[in-house]
Amino acid sequence: MACRADNAMNTFISQLMGRMTLEEKIGQLNLLPGGDIVTGKEMDSPLARLTAEGKLGAVLSLRDPVKIKALQDIAVKKSRLGIPLLFGYDVIHGFQTVLPIPLAQACSWDTTAIRRGAAMAARECTSQGIDWVYSPMVDIALDPRWGRIAESSGEDPFLGSAIAKVMVEGLQGNYGPENAMACLKHYALYGAVEAGRDYNTVDMSHVRMYHQYFPSYEAAVRAGVGSVMSSFNLVDGIPATANPWLINDVLRRQWGFNGFLVTDCGSIGEMVVHGAGDLADCSAEALKAGTDMDMCSNAYSGHLLQLVKDGKVSEADIDQSCRRVLEAKYKLGLFQNPYRFLNSKRAKTVLYTPGHRALARDMAAETFVLLKNEGDILPLKREGTIALIGPLANDRSNMVGSWSTADKPELYSTLKEAMERAVAGKARVVYAQGCNIYDDSATQANCSFGRPIPRVDSEKAEQEALAAAREADVIVCAMGEMTEMSGESSSRADLNLPDAQMRLLRQLCAMGKPVVLLNFAGRPTILKWESEHCRAILN
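Every value quoted in this text rests on a predicted model; they were computed, and no experiment measured them. Sequence positions are assigned chain by chain, starting from 1 and proceeding in written order. Since the coordinates come from a predicted model, pLDDT governs what is reported: local features require at least 70, and pairs of side-chain atoms require 80 or more to be given and counted, while whole-chain, interface and lining totals use all residues. Computation of side-chain values: all heavy atoms of the structure, hydrogens and water removed.

Caption draft 1: Seen up close, the packing of aromatic side chains. For Phe, Tyr and Trp, where Trp contributes only its six-membered ring, two rings pair if their centres lie within 6.5 Å, and the inter-plane angle classes them as stacked under 30 degrees, edge-to-face over 60, or tilted in between. Under the criterion given, the structure shown has 16 aromatic pairs. A centroid spacing of 5.6 Å and a plane angle of 50° characterise the contact between Phe12 and Tyr330, whose relative ring orientation is tilted. With a gap of 318 residues between them, Phe12 in helix 1 (residues 2-19) and Tyr330 in helix 13 (residues 315-331) connect regions that are remote in the sequence. Buried means the residue's accessible area, taken with a 1.4 Å probe over protein chains only, is under 20% of the maximum for its type, while exposed means over 50%, and partly exposed covers the values in between. A relative accessible area of 28% means that Tyr330 is categorised as partly exposed. Secondary structure is summarised from DSSP: a helix means a run of H or I of at least four residues, a strand means a run of E of at least two, and numbering begins at the N terminus for each.

So, in structure tokens, the structure goes:
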């Protein structure tokens, strides 16, 4: 059966490619963001025009099903050959129903739950027209200064490999109507950047690569992942996006990967920064190394045609990459039904359902890490007065975790609201924000990324917190990182609790009452002082 299916796919794609011009083949290798789409009687945007001209193969970061349908209409009805578009999106830990961040999921060691969570995320996002997800991220990460450790499964290659496998199974399955094509990232060694600085270089032996960093990538490939995303960094002094040993020798020949490889956002352009040549030279090197699709650099679309004329790349190289992209669309069933993943009726039955919320809640309960519980103070008794203090105690948008891209904070409870419901009629909750995240307003603003926490007068807020604490039998502090203090471009040199929060915590602990610290973090943080002075710490 599989052989007959492959033969049918090969025949279909060969016939289609026989009708395509070189420009149309190059168009299939072009991936651009969908931020400029405007719906209406006419869609007059650069993206719409490229689609109609057959110069676009895929769109990222578009999640409005009305806009997705409108753009797919142009691809299918107005382009010469009617080749459908792929619609990719960052679905990292849930969709509208938000799951714990990947690092937290790894803390559960529950691969069955992780598979279910991935399937749930695919079920939700595909109801909106998204058919390709930039997940799983399986980079092994040892340095907690690196912000994207939040998206990883941590430092262990055995656990990372097990999670990589079930993530592919949950997201991609057998390419059913509620499955999306998974995209393994970031290939390779992105989690080993020097000094934990995002986008930095990597330098390690092949022995360490194969024993520590490669296993999780290989596990996803063996599980049948349909696509792979290259990383920004160098490997053996060569950018990963144009590294033939990494892509052709290891990924394709040794591990048998037969899907397509896409760059990370703008990474062919990043090669120029690394000194690999101008954009035309970097385009040639990336294509010849086995990179099939260019995300956001306009490198292939701008240079491949001339590079063929100049004899620097062959039409056969372009054909090979074009075929891989078309195969992905065929496997997803888009040639049979370009609107397969646009189902408004299904969307009403799968988005943020009670069943999905229960799954997320159960997973979250497994992922909390109890670091200290002196005198079994936790779980708290539903009695007396509880002081809930801290800048993260009553903020809903910072509860979701880094790379949560489809969340609707208005649907979710704050910690304060949930605690008040939990003890209603039995105990009293007194609340105070108490402090800012950082004393310096600019530092705090730089950490917000669209999820700000209101600034307060430090002295007044501290006094309000101390007054609340004096009324209480137990003090619960909600402190730590804002959502976007971990994640991409969020490296931190100092992993201690930020200054404003630490100052308040010291004052609260000095009162002699039991203090429970709820430490919000997307990475391991330094908790030495806290472990010596707080009665309990829940991460």
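There is more to say, and it comes next.
Caption draft 2: Structural view of the layout of surface pockets. As a volume, the second largest pocket reaches approximately 240 Å³. Surrounding the second largest pocket, 14 residues form its lining, Gln172, Tyr175, Gly224, Asn258 and Lys331 being those nearest its centre. Residues that form the lining of the second largest pocket fall into these classes: five nonpolar, seven polar and two charged. Cavities and pockets are found on a 1 Å grid laid over the protein atoms alone: a cavity is a set of points where a 1.4 Å probe fits but cannot escape, a pocket is an open set with protein on both sides within 12 Å along at least five of seven lines, and a lining residue has an atom within 4 Å of such a point. Grid points are joined across faces, edges and corners, and a volume is the space filled by probe spheres set on the points. All residues other than Ala, Val, Leu, Ile, Met, Phe, Trp, Tyr, Cys, Pro, Asp, Glu, Lys and Arg, Gly among them, are scored as polar; the first ten of these are nonpolar and the last four charged.

Caption draft 3: Examining the nonpolar core more closely. Definition of nonpolar core: a set of buried residues of the types Ala, Val, Leu, Ile, Met, Phe, Trp, Tyr and Cys, connected through side-chain atoms within 4.5 Å. The biggest cluster of nonpolar side chains holds 73 residues, and the ones touching the most others in it are Tyr187, Leu189, Phe214 and Val225. Look past the residues within four positions of Tyr187 in its chain and what remains in contact with it is Tyr217, Val228, Met229, Ser230, Ser231, Ala240, Leu246, Ile247, Val250, Leu251 and Trp255. Counting 45 residues, the second largest nonpolar core, distinct from the first, contains Tyr175, Cys282, Leu304 and Leu332. Should any heavy atoms of two residues lie within 4.5 Å, those residues are counted as being in contact.

Caption draft 4: View of the pairing of strand 5 (residues 181-187). Buried residues dominate strand 5, accounting for seven of its seven residues. Pairs of strands are assigned from DSSP output, requiring at least two bridges between the strands. Summarising the sheet, strand 4 (residues 132-133) and strand 5 pair through two bridges and their orientation is parallel. When the sheet's bridge partners are listed, Trp132 is paired in strand 5 with Met181. The β-α-β motif built from strand 4, the intervening helix 7 (residues 157-172) and the parallel element strand 5 has right-handed crossover chirality. One ladder, built from three bridges, connects strand 5 with strand 6 (residues 227-230); its direction is parallel. Considered in strand 6, the bridge of Leu184 is made with Val228. If the strands point away from the viewer and the path from the first strand over the helix to the second runs clockwise, then the crossover is right-handed. This β-α-β element, strand 5 to helix 8 (residues 206-222) to strand 6, shows right-handed connectivity.

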